[in-house]
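Residues per chain are reported as follows:
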Amino acid sequence: MKKQLLQVLASALLLLSACGNSTLGPSSSEDWFPLTVGNWWLYQYDGSSADGIDTLIYAGSIQKRVTGLIDHNDGFQLYELRSIADITTTEAGSSTTSVDTSFIYLRQTSEEFRLYYSTLSNQYDVLIKYPVTLNETWMLSDSFPGGYEVTDITALLHTPAGNFSNCAVITESWWQFLTREYSYHRGTGLVKRVHSSDYYDAVETLQSFNIQ
């Protein structure tokens, strides 16, 4: 049963798939997550989960693409982001591969970058607050306990897609249970995501991208 729960958690995480009071100044989605239809990002995915003496290893890729502008039920427009996860799971010498497609919806305002899980609900999570300011915190939506904090604004990241400086690192925490670190680069978007918990760890690292 525990192993099944770990596999469900790993699958769910794939679907979701951003000094003192220093600030990186006024920002927009064009700066931190370029929202133009046709933009895409390809990530290398590596992870593992433990269940007693058994260890599951995950490896593969996730492609995210802005596929269109669609109407929300309340009358405004959202950008649709499609994710295709092609992941191989290895356990005790045997491997299985699955390909899963999921969608989320994004909206830019002058004050924040929002994630909607549905075009029918007005509930959303704030992925980035503007201007990006070190140590600023905010809470998740009411459905999920936890919150976000800007934990770095000068991070240097080395990835297969290149080296990225002055990245903003936004850390999502759910109690002591798990954390996720989202590293954004101005003009590029999400460069890296690191998931850490007691039983499951994973890293998504940018391999290549196309920004229009």
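The rules behind each value
Residues numbered from 1 in each chain as written. Predicted model: local features only at pLDDT ≥ 70, side-chain atom pairs only at ≥ 80, totals over all residues. Heavy atoms only, no water. Helix = DSSP H or I, 4+ residues; strand = E, 2+ residues; numbered from the N terminus. Buried < 20%, exposed > 50% of the residue type's maximum accessible area, 1.4 Å probe, protein only. Areas by Shrake-Rupley, 256 points an atom, 1.4 Å probe, with all protein chains shown as cover. Lys, Arg positive; Asp, Glu negative; His and termini not counted. Salt bridge = Lys/Arg side-chain N within 4 Å of Asp/Glu carboxyl O. Polar contact = N/O pair within 3.5 Å; in protein donor to acceptor, adjacent residues only side chain to side chain. Phe/Tyr/Trp six-rings, centres within 6.5 Å; stacked < 30°, edge-to-face > 60°. Lys NZ or Arg CZ within 6 Å of the ring centre and 35° of its normal. Pairing = 2+ DSSP bridges. Axes fitted to C-alpha atoms, helices over the stretch in contact; angles between N-to-C directions. Core = buried A, V, L, I, M, F, W, Y, C linked by side-chain atoms within 4.5 Å. Contact = heavy atoms within 4.5 Å.

Participant: What am I meant to see in the overall build of the protein chain here?
Facilitator: Of the regular secondary structure elements, the protein chain holds two helices and twelve strands. Seen in sequence order, the protein chain has helices and strands lined up from the N terminus as α-α-β-β-β-β-β-β-β-β-β-β-β-β. Residue burial in the protein chain is summarised as follows: out of 212 residues, 43% are buried. Total accessible area on the protein chain stands at roughly 10,300 Å², and carbon and sulfur atoms take up 51% of it.

Participant: Explain the side chain of Lys64 to me, please; I cannot follow it from the model alone.
Facilitator: Relative to the assigned elements, Lys64 resides in strand 2 (residues 54-71). Here Lys64 is buried and forms no salt bridge, its nearest opposite-charge partner Glu204 lying at an N-O distance of 4.3 Å. A polar atom in the side chain of Lys64 sits 3.4 Å from the side chain of Ser83.

Participant: Looking at this model, I keep getting lost on the packing of aromatic side chains. Mind explaining?
Facilitator: One pass over the full model with this rule turns up seven aromatic pairs. Arranged with centres 5.2 Å apart and planes meeting at 40°, the rings of Tyr116 and Tyr124 form a pair that is tilted. Its relative accessible area of 2% is what places Tyr116 among the buried residues. Aromatic side chains Trp138 and Tyr148 sit 5.6 Å apart centroid to centroid with 20° between the ring planes, which places their arrangement in the stacked category. Of the two residues, Trp138 sits in strand 7 (residues 137-139) while Tyr148 sits in strand 8 (residues 147-159), which places them ten residues apart along the sequence. The same class applies to Trp138 and to Tyr148, which are both buried. Ring-pair connections join several aromatic residues into one group, and the members of that group are Phe33, Trp41 and Phe113. Stacked on the ring of Phe76, the Lys or Arg Arg107 has its end atom at 3.9 Å from the ring centre. Positioned above the aromatic ring of Trp174, the side-chain terminus of Arg180 is 5.5 Å from the ring centre.

Participant: Help me understand the sheet that holds strand 9 (residues 162-174), please; the structure alone is not making it clear to me.
Facilitator: The strands that make up a sheet pair up through hydrogen bonds in the backbone, lying either parallel or antiparallel. The twelve strands lie next to each other as 6-5-4-3-2-1-12-11-10-9-8-7, forming an open sheet whose pairing is antiparallel. Of all strands in the sheet, those bounded by a partner on one side alone are strand 6 (125-129) and strand 7. Neighbour-to-neighbour, the strand axes of the sheet open up by a mean angle of 25°, direction not taken into account.

Participant: It is not clear to me how the pattern of salt bridges should be interpreted in this structure. Could you clarify?
Facilitator: As a working rule, side chains carrying opposite charge can pair if their charged atoms are close by. On inspection of all chains with the given rule, the structure shows four salt bridges. Residue Arg114 pairs with Glu112 through a salt bridge whose shortest N-O separation is 2.7 Å. When sorted by exposure, Arg114 lands in the same class as Glu112, which is buried. Glu204 is the partner of Arg193 in a salt bridge, and the nearest nitrogen-oxygen pair spans 2.8 Å. Residue Arg193 is located in strand 11 (residues 189-197), and its partner Glu204 is located in strand 12 (residues 200-210); the two are separated by eleven residues in the primary sequence. On the basis of relative accessibility, which here comes to 5%, the residue Arg193 falls in the buried class. Salt bridges sharing common partners tie together Glu112, Arg114 and Lys129.

Participant: Hey, could you run me through the nonpolar core in this one?
Facilitator: Soluble globular proteins: nonpolar side chains tend toward being buried together. Ranked by size, the top nonpolar core spans 36 residues in total, and within it Phe33, Leu106, Phe113, Leu127, Ile128, Val132 and Tyr184 carry the most contacts. The set of elements that each furnish at least two residues to this core consists of strand 1 (40-51), strand 4 (94-108), strand 5 (112-116), strand 6, strand 8, strand 9, strand 10 (178-185) and strand 11. It is strand 9 that provides the largest number of residues to this core, a total of six residues. Once residues within four sequence positions are removed from consideration, Leu106 is found in contact with Phe33, Leu35, Leu78, Tyr79, Leu81, Phe113, Arg114, Leu115 and Leu127. Within the second largest apolar cluster, eight residues are counted, among which are Tyr45, Tyr58, Ile62 and Tyr200.

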